[in-house]
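# Commentary on secondary and tertiary structure
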Amino acid sequence: MNAAIRVEAQKLVRSPVGVIGSLALVAGTLALLGGITAALASGNPELTAKVGVAATLDWDGLLAGAAQITSAGALLGFGVVLSWMFGREFADGTITGLFALPVSRARIALAKLAVYAVWAVAVSVLLTVGILALGLTLNYGAPSAETWAALGRQTVLTILTAAVAAPVAWVATLTRSLLAAVGGAIALAIVAQVGALAGAGGWMPLAAPALWAMSNGTAANPMQLALTVAFSAAFVGLTCASWARLQLNR
Amino acid sequence: MLTFENVSFSFRGGAGVRNLTFEISPGEIVALVGLNGAGKTTLMRLALGMIRPQQGTARIFGQPLDAVPSATWAKVGALIEVPLAYPELTVRENLRIASLLHGGGRGRHSVDGSVETWLLAPVADRRFRRLSLGNRQRVGLAAALQHDPQLIVLDEPSNALDPASVILLRDQLVQRAKQGAAILVSSHHLDEVARIAHRVLLMNTGRLIGELEITGTDLERAFFERIRDDDERRSETLGASR
């Protein structure tokens, strides 16, 4: 298992996809937040109306904006990277080399997901640190206890957003297609947004983390967040099982 | 080391292999020859567990493939279609990950030795995506063989290799067979096959149709005669059954 984790970690660290994915998720989100803040400061009335609760030039507004961007954009970003981690083996043809090894394919799949999880936590923490630095740079003052709690929720939101992208690993495996998996990531992002708008509420695993983070923790309870974790775990299990039973028969 | 007993597999659409029965012993180099689409790669995929037989049993080291302990696969080296190498990694990094995945701890399988053996030193720190086809193939062969496997399965290993690399490959296979490895290799180069193989299995339309005598002078002619005879026999049988 250690061998598979080392191999997968090296592949992600050395790939342009890993680097660009990390930059898009951290620098991209911060750039968007900076842009929104600048537009609000210039008194743009259209944007003020569009961003809703994120329209205030303080910690609350900054963190509300971060949660909105994370819930939609980060799901797509994480989904694309996870699609690549699984779909590339089929697209590059290297899947044939992952047979006839003393490391089972289920363990290789689990190693991919473990490396993805560690990377997602690192990206989540980096993003939160970046948001903190942005708020301090914008002279929003020292964070209050509520702000620290909101920063904590932002970190958990980013991690759970990475977790709910898990189905794309299964889609990549079933379809043996990188593009189909990316399509799956787009579909997940759409379902999450539509579900939230349609009022599916905290019982919808894809939307619960965002609702929870954007409502100061009131719109989704721990059971509903646990359901999100269970949803991801189920797809981790399905993906590993599919890799264990994989046949190159088409 | 590798045994097939009446192994059959059909893809959706009808193509596949039927009633494959053969055995490869330690120290033996067995070549698999046949026209494109004859089923050589499918046979090799069956041998490596990439597809499961619908009938019959494939065994390695005496055990059916679905019961082979994970550790046993460390004694197998294979190159089927695409090398186990990633474009963003250098040659040396790719060889290191191949070593890790074949059960080698840090430094257990000599990546440096492999670089030297396969004459990869000039490109060792170059990314795989920037290599020529021939160099990619040599990296794939190095990755498949550096852990000194006892069972070797190579699908058209001389593809894209220059003449010097073909000789290198030949020497490697002969040397490994002398050390007791069982080797199955497919090829389109009959002369090349005749130089190293102890036996040549002939494959046509998904079936093994016998062995090709390699002591004769005109191998190509013998090969095409056998294929033609088999095609004629098959069409007669089909005609009689209608």
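Residues numbered from 1 in each chain as written. Chains lettered and ligands numbered in written order. Predicted model: local features only at pLDDT ≥ 70, side-chain atom pairs only at ≥ 80, totals over all residues. Heavy atoms only, no water.

### With respect to the overall build of chain B
Helix and strand content of chain B: 7 helices and 10 strands. Against the compact-globule benchmark of 18 Å for 242 residues, chain B has a radius of gyration of 19 Å, which places it among compact chains. Along the longest, intermediate and shortest principal axes, the C-alpha atoms of chain B span 60 × 40 × 35 Å. Expressed as a percentage of its 242 residues, the buried residues of chain B come to 52%. Considering only residue pairs separated by 6 or more positions, chain B has 67% of its internal contacts joining residues 24 or more positions apart. Carbon and sulfur atoms make up 46% of the accessible area of chain B, which totals about 11,100 Å². Chain B carries 29 positive and 27 negative side-chain charges, and their two centres are separated by 6 Å. (Helix = DSSP H or I, 4+ residues; strand = E, 2+ residues; numbered from the N terminus. Rg over C-alpha atoms; globule rule 2.2 N^0.38 Å. Buried < 20%, exposed > 50% of the residue type's maximum accessible area, 1.4 Å probe, protein only. Contact = heavy atoms within 4.5 Å. Areas by Shrake-Rupley, 256 points an atom, 1.4 Å probe, with all protein chains shown as cover. Lys, Arg positive; Asp, Glu negative; His and termini not counted. Charge placed at Lys NZ, Arg CZ, Asp CG, Glu CD.)

### Remarks on the pairing of strand β3 (residues 29-34) of chain B
Residue and element names in this part refer to chain B. Across the 6 residues of β3, 6 count as buried, placing the element largely inside the fold. Of the two faces of β3, the one holding Ile29, Ala31 and Val33 and the one holding Val30, Leu32 and Gly34 are both buried throughout. Sheet topology note: the β3/strand β8 (residues 182-186) ladder contains 4 bridges and is parallel. Bridge assignment links Leu32 to a residue of β8, and that residue is Ser186. (Pairing = 2+ DSSP bridges.)

### What to know about the sheet that holds strand β7 (residues 151-155) of chain B
Residue and element names in this part refer to chain B. Taken in spatial order, the 6 strands make up an open sheet running β6-β7-β8-β3-β9-β10, and their pairing is mixed. What marks the edges here is a single partner per strand, and that holds for β6 (76-79) and β10 (207-211). Adjacent strand axes in the sheet meet at a mean angle of 20° when their direction is disregarded. The pairing of strand β9 (residues 199-204) with β10 spans 4 bridges and is antiparallel. Bridging from a neighbouring strand, Asn204 pairs with Arg207 of β10. Contacts from helix α1 (residues 40-47) reach β3, β7, β8, β9 and β10, with the element oriented near 150° to β8. (Axes fitted to C-alpha atoms, helices over the stretch in contact; angles between N-to-C directions.)

### Overview of the sheet that holds strand β5 (residues 63-64) of chain B
Residue and element names in this part refer to chain B. The sheet built from 4 strands is open, its strands ordered β2-β1-β4-β5 with antiparallel pairing. Two strands bound the open sheet, and with one partner strand each, they are β2 (16-24) and β5. Sheet analysis places strand β4 (residues 55-60) next to β5, joined by 2 bridges and oriented antiparallel. Paired with Arg59 across the two strands is Pro64, which belongs to β5. Against the sheet, α1 engages β1 (2-10), β2 and β4, with an angle of about 120° to β1.

### Quick word on the confidence of the model for chain B
Summarising the model, chain B shows a mean pLDDT of 91, and 97% of its residues fall at 70 or more. The complex model carries a pTM of 0.91, and its ipTM stands at 0.89. (pLDDT = per-residue confidence, 0-100.)

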